[in-house]
Amino acid sequence: MSQASFPAMRMRRGRSAPWIRDMLAEHRLHPSDLIWPLFICEGEGQEEPIATLPGVSRWSVDRLADKAREARDLGIPCIALFPNTPADLRSEDAREALNPDNLICRAIRAIKDKVPEVGVMTDVALDPYTAHGHDGLTDERGNVMNDRTVAVLVQQAMVQAKAGADIVAPSDMMDGRIGAIRQGLETADCPDVAIMAYAAKYASAFYGPFRDAVGSRGLLKGDKRGYQMDPANGAEALREVALDLAEGADMVMVKPGLPYLDVVARVKDAFGVPTFAYQVSGEYAMIEAAAAAGAGERDALVLETLMAFKRAGATGVLTYHAPLAARLIG
């Protein structure tokens, strides 16, 4: 395209004052762009700070309604729940995932009973429930068994849907699980429950604090590279997204976030569907560490990184900074 050159065109004119910068901004942040991940623990009246996630805590079920009200009042439309299952309830077959009175199901009901206008998204994966820390069932050699795991994931998603989840979010990266879960939801008369597929979830080094939060650090035997994606691959993400959409996903997610903005952009450009990014625990911890060290100003770092997601094409962002960001932009 042709355009005027200097001095007829002075790009700085559009940056000369706050009002014109606001008027010409190509992207904007709003609290409705945010999903707030919350960690759940057993007990009553409990708040358990997570050392590797400064400012983030686990909350007992009886305190979750207050967190949901906080989200509502800040304009955050949805919260995502992750349980810290007690060690004595973890097993090789992850049977606690199918308990309709497990930690996450009680949390869903507690929120929906008191703050029904806030959306609840739940994690569909077995790693919070397995004794070995993998996202699926393993054979005698320690390999994750795809099809047997999918059968359990379907049951897990049904339990969560029946408890009142608005969105089930399979994060396990098993092949074929989206189609199986969608069929299960239809059969169980839960057609309005949406699926947000962790379609492009990478085997990342940025997940460490999350594993502390859900109590799985130290349990994992081996690694997850046999089912999570190789960080070297971008085109593969498009194939994963295409499969999940064909199987019935309503929206897709890229995880982690900031190191994979290229993938977010490619997914949104290729498919034009609701595309979310997860600013994962390691990304959060890095911002907090930089702020604590005086290497950057927390509020500015948070807003700049979130704007980067929007600029890349993300529909929304899961971030532990959601309440801070909502206050700053609301």
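The notes below deal with the structure included here. This one's a predicted model, so the numbers in the text were calculated from it and none came from an experiment.

Cut-off values and rules
- Residues numbered from 1 in each chain as written.
- Predicted model: local features only at pLDDT ≥ 70, side-chain atom pairs only at ≥ 80, totals over all residues.
- Heavy atoms only, no water.
- Phe/Tyr/Trp six-rings, centres within 6.5 Å; stacked < 30°, edge-to-face > 60°.
- Helix = DSSP H or I, 4+ residues; strand = E, 2+ residues; numbered from the N terminus.
- Buried < 20%, exposed > 50% of the residue type's maximum accessible area, 1.4 Å probe, protein only.
- Lys NZ or Arg CZ within 6 Å of the ring centre and 35° of its normal.
- Pairing = 2+ DSSP bridges.
- Right-handed = clockwise from strand over helix to strand, strands pointing away.
- Contact = heavy atoms within 4.5 Å.
- Salt bridge = Lys/Arg side-chain N within 4 Å of Asp/Glu carboxyl O.

**Describing the packing of aromatic side chains**
Scanning all chains against the criterion turns up 8 aromatic pairs. Each ring, one from phenylalanine 82 and one from tyrosine 278, has its centre 6.3 Å from the other, and the planes form 45°; the classification is tilted. On the criterion of sequence distance, the pair formed by phenylalanine 82 in strand E4 (residues 78-83) and tyrosine 278 in strand E9 (residues 275-279) is long-range, its members being 196 residues apart. Note on accessibility: phenylalanine 82 and tyrosine 278 belong to one class, buried. Taking the centre distance of 4.2 Å and the plane angle of 20° together, the rings of tyrosine 202 and tyrosine 260 count as stacked. Of this pair, tyrosine 202 sits in the loop between strand E7 (194-201) and helix H6 (208-213) while tyrosine 260 sits in the loop between strand E8 (251-255) and helix H8 (261-271), placing them 58 residues apart in sequence. For the pair formed by tyrosine 202 and tyrosine 260, the shared burial category is buried. Three or more aromatic residues joined by ring pairs make a cluster, and in this case those are Phe39, Phe82, Phe210, Tyr278, Tyr284 and Tyr320. Cation over ring: lysine 201 sits above tyrosine 207, and NZ or CZ is 6.0 Å from the ring centre. Positioned above the aromatic ring of tyrosine 207, the side-chain terminus of lysine 255 is 5.0 Å from the ring centre.

**As for the pairing of strand E10 (residues 316-319)**
Residues Gly316 and Leu318 of E10 are buried on one face, and the alternating residues Val317 and Thr319, pointing to the opposite face, are buried as well. Both strand E1 (residues 34-41) and E10 contribute to a ladder of 2 bridges, which runs parallel. Within E10, the position partnered with leucine 34 by the bridge is valine 317. Two elements, E9 and E10, share 4 bridges in a ladder whose sense is parallel. From the neighbouring strand, tyrosine 278 faces E10, where its bridge partner is leucine 318.

**Observations regarding the pairing of E9**
With respect to burial, E9 is a largely interior element, 5 of its 5 residues being buried. Covered by surrounding structure in E9 are Thr275, Ala277 and Gln279 together with Phe276 and Tyr278, the residues of both alternating faces. Pairing between E8 and E9: 3 bridges, direction parallel. The residue of E9 that forms the bridge with valine 254 is alanine 277. The parallel pair E8 and E9 is bridged by H8, and the resulting crossover is right-handed.

**Structural notes on helix H2 (residues 64-74)**
Given 3.6 residues per turn, any residue in an α-helix points the same way as the ones three and four places further on. Regarding H2, the residues found buried are Leu64, Ala65, Lys67, Ala68, Ala71 and Leu74. Along its buried surface, H2 packs onto E1, strand E3 (57-60), E4, helix H3 (103-114) and helix H11 (322-329). Glycine 75 lies just past H2 and shows a positive phi near 85°.

**Quick look at the pattern of salt bridges**
Using the criterion set out here, one finds 22 salt bridges in the structure. Between lysine 310 and aspartate 33 there is a salt bridge, with its nearest N and O atoms 3.2 Å apart. You can see lysine 310 sitting in helix H10 (residues 298-312) and its partner aspartate 33 sitting in the loop between helix H1 (18-24) and E1, a full 277 residues away along the chain. With respect to burial, lysine 310 and aspartate 33 carry one shared label: buried. Glutamate 48 is the partner of arginine 58 in a salt bridge, and the nearest nitrogen-oxygen pair spans 3.1 Å. Remark: glutamate 48 occurs in strand E2 (residues 47-49) and arginine 58 occurs in strand E3; sequence separation between them is 10 residues.

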